[in-house]
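Structure assessment
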Amino acid sequence: MILSRTSFSLLAFAAVISCTAVPPQAAPSLALQPSANLPSPETANETGADVEKGRSDFWLAREPVQGSAIIARAPAGATAIFLNGKAIPLTPDGFFLIGFDRDAENSASLVASMADGRRIEQYVPVKPGNWQIQHVNANPLGGAKTTAEFQARRGPELARINAARAKQVVSDGWRQDFAWPLQGRISGRFGSQRIYNGTPGSYHSGLDIAMPTGTPFVAPADGVVVLAAKDAFTLEGHLLMIDHGMGLNSAFLHCSELLVEEGQAVRKGQVIGKVGATGRVSGPHLHWGMKWNAARVDPLALLHK
Ligand SMILES: [Zn+2]
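A brief structural summary. Keep in mind the model is a prediction, meaning the values are calculated, not measured. (Residues numbered from 1 in each chain as written. Predicted model: local features only at pLDDT ≥ 70, side-chain atom pairs only at ≥ 80, totals over all residues. Heavy atoms only, no water.)

1. Examining the overall build of the chain
The condition is simple: Counting from the N terminus, the helices are DSSP H or I runs at least four residues long and the strands are E runs at least two residues long. Summary of the burial criterion: residues with accessible area below 20% of their type's maximum are buried, those above 50% are exposed, and those between are partly exposed, where the area comes from a 1.4 Å probe applied to protein chains only. Whether two residues are in contact is decided by their heavy atoms: any pair within 4.5 Å suffices. Accessible surface is estimated by sampling points in the Shrake-Rupley manner with a 1.4 Å probe; for residues, cover comes only from the protein chains shown.
Helix and strand counts for the chain stand at four helices and 21 strands. Here the chain, with 305 residues, has 49% of them falling under the buried criterion. Sequence separation of at least 24 residues holds for 67% of the intrachain contacts in the chain that already meet a minimum separation of 6. Carbon and sulfur atoms provide 56% of the accessible area of the chain, an area that totals close to 14,100 Å².

2. Structural notes on the coordination of the zinc ion
Keep this limit in mind: Donor atoms are limited to N, O and S found within 2.8 Å of the metal ion, a distance that becomes 3.2 Å for Na, K and Ca. With water left out, some sites might look partial. Just to be clear on the cut-offs, tetrahedral is four donors with all angles between 85 and 135 degrees, square planar is four donors and octahedral six with opposite donors over 155 degrees apart and all others between 65 and 115, and anything else goes down as irregular.
Around the zinc ion, the protein contributes the donor atoms H204 (NE2), D208 (OD), D208 (OD) and H287 (ND1), at 2.0 to 2.7 Å from the metal centre. Between the four donor atoms coordinating the zinc ion, the angles at the centre fall across 53 to 152°, so the site counts as irregular.

3. Description of helix α4 (residues 147–166)
Operational definition: Helix span, expected: 1.5 Å multiplied by one less than the number of residues in the helix.
Under the 1.5 Å per step criterion, the end-to-end length of α4 is 28 Å for 20 residues, consistent within 8% with the ideal 28 Å. Buried residues along α4 sit in contact with β14 (223–228) and β15 (238–243).

4. Brief notes about the sheet that holds strand β3 (residues 78–83)
What counts here: In this scheme, strands are said to pair when DSSP sees at least two bridges between them. Inter-axis angles, ranging from 0 to 180 degrees, are taken between N-to-C directions of lines fitted to C-alpha atoms, where helices are fitted over the stretch in contact.
Taken together, the four strands give an open sheet; going across it, the order is β4-β3-β6-β7, and neighbouring strands pair in antiparallel fashion. The open sheet terminates on both sides in strands that have one partner only, identified here as β4 (86–88) and β7 (119–125). Within this sheet the neighbouring strands show an average axis-to-axis angle of 30°, counted without direction. The sheet contact formed by β3 and β4 spans three bridges and is antiparallel. Of the residues in β4, the one forming a bridge with F82 is A87.

5. Observations regarding the pattern of salt bridges
Definition in use: Definition used for salt bridges: Asp or Glu carboxyl oxygen within 4 Å of a side-chain nitrogen of Lys or Arg.
Tallied over the entire structure, the rule returns 15 salt bridges. Across the pair K230 and E261 runs a salt bridge, and its minimum N-O distance is 3.1 Å. Of this pair, K230 sits in the loop between β14 and β15 while E261 is found in the loop between β17 (257–258) and β18 (265–266), placing the two residues 31 residues apart along the sequence. Connected via shared salt-bridge partners are E149, R153, R154, E157 and E236.

6. A look at the packing of aromatic side chains
To keep things clear, this is the line we draw: When the centres of two rings from Phe, Tyr and Trp lie within 6.5 Å, Trp using its six-membered ring, the rings pair. Their planes under 30 degrees apart give stacked, over 60 give edge-to-face, and anything left gives tilted.
By the definition in use, this model includes five aromatic pairs. Between F58 and F96, the ring centres sit 6.1 Å apart and the planes meet at 85°, which makes this aromatic pair edge-to-face. Of the two residues, F58 sits in the loop between α3 (48–53) and β1 (59–60) while F96 sits in strand β5 (residues 95–100), which places them 38 residues apart along the sequence. No difference in accessibility class separates F58 from F96, as the two residues are buried. For the pair W131 and F190, a centre-to-centre distance of 5.7 Å together with 65° between the ring planes defines the contact as edge-to-face.

7. Description of the sheet that holds strand β8 (residues 133–136)
Spatial strand order, β8-β10-β11: three strands in an open sheet with mixed pairing. A strand with exactly one partner marks an edge of an open sheet, and here the two such strands are β8 and β11 (199–203). Mean inter-strand twist for the sheet, computed between neighbouring axes without regard to direction, equals 30°. In terms of strand pairing, strand β10 (residues 193–196) meets β11 through three bridges, oriented antiparallel.

8. Comments concerning the layout of surface pockets
Test applied: Each cavity reported here is a set of points on a 1 Å grid over the protein atoms alone in which a 1.4 Å probe fits but cannot get out, each pocket an open set with protein on both sides within 12 Å along at least five of seven lines, and each lining residue one with an atom within 4 Å of a point. Grid points are joined across faces, edges and corners, and a volume is the space filled by probe spheres set on the points. Note that Gly is not counted as nonpolar here; it falls among the polar residues with everything else outside the nonpolar set of Ala, Val, Leu, Ile, Met, Phe, Trp, Tyr, Cys and Pro and the charged set of Asp, Glu, Lys and Arg.
For the largest pocket, the calculated volume is near 880 Å³. Forming the walls of the largest pocket are 39 residues, and the residues nearest its centre are H204, S205, L253, R280 and H287. The biggest single contributor to the lining of the largest pocket is α4, with five residues. Grouping the constituent residues of the lining of the largest pocket by class yields 15 nonpolar, 15 polar and nine charged. Roughly 650 Å³ of internal volume is contained in the second largest pocket. Looking at the second largest pocket, it is lined by 30 residues, and the ones nearest its centre are K86, I88, W292, N293 and A294. Elements that contribute at least two residues to the lining of the second largest pocket include exactly β4, β5 and β6 (107–114). In terms of residue class, the lining of the second largest pocket is made up of 15 nonpolar, nine polar and six charged.

9. Overview of the pairing of strand β16 (residues 248–255)
Counting buried residues along β16, eight of its eight residues qualify, which places the element largely inside the surrounding structure. Across five bridges, the pairing between β15 and β16 is antiparallel. The residue of β16 that forms the bridge with I242 is S250. Linking two consecutive strands that pair antiparallel, namely β15 and β16, is a turn of four residues; a positive phi of about 90° is found at G245 within it. In this structure, β16 lies alongside strand β20 (residues 286–292), joined through six bridges in antiparallel fashion. Bridge assignment links L253 to a residue of β20, and that residue is H287.

See the structure below:
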């Protein structure tokens, strides 16, 4: 099968290379331009009908950045989509969701299998994130008193978290503009390198919003509750996980109270829990983490700007 988008792929690669030499704002975002602006000699010469139909390229709502999830639309007539070789669910109206981990490679491949047997491939540059360093004074064992207690409790907790992530729910929450779960001071950003009591730990995987214990927070988008830890976990404390569909989910950590049950459908704006200081914390705050499948993404990247 001949790649019909060879010329475009090369242009996108050129954009990737130039990104390293110029500030991100000045970098050309060829991958995000409507297809009409892109040279596509093969398409024009060999399949002129395609041009008339329009929409022969991928469309992305935002520029891909490490640690972000982005709504995208497939070329018209696509029957299957692959990100870096992995199949991605596609809605009947041609939309899908892709996400990039905090440490994602600086270029990603999108492939569409077309109803007429063609294969459209597009490379998109993934901009680097801007990560901070943050010092944290908190007990590394969180809610556990001894290492032995931590080890005994941690396995079953991780099993529950993994089981919750494995659940497949139907929700259109992923298509909504995400709302802030509550207003407050941002006390920790996604991606920052954490130093716990002087020892480097893993990077911070969510957004921290500092507010007093008992402050209610709401669902940022529609979804289904896949985990409500009424017994506090060692690190996460009372943990609430909401699946928004298409592999996208939110986790709310350190809550003082959870106001919803596992399996319950929640609506955007509905009060679902209260801020607390349970688990591994240095003070009361809401930690909001998001994942798209295995990739950790920044909630800030999904909030309407
Ligand atoms: Zn946090």
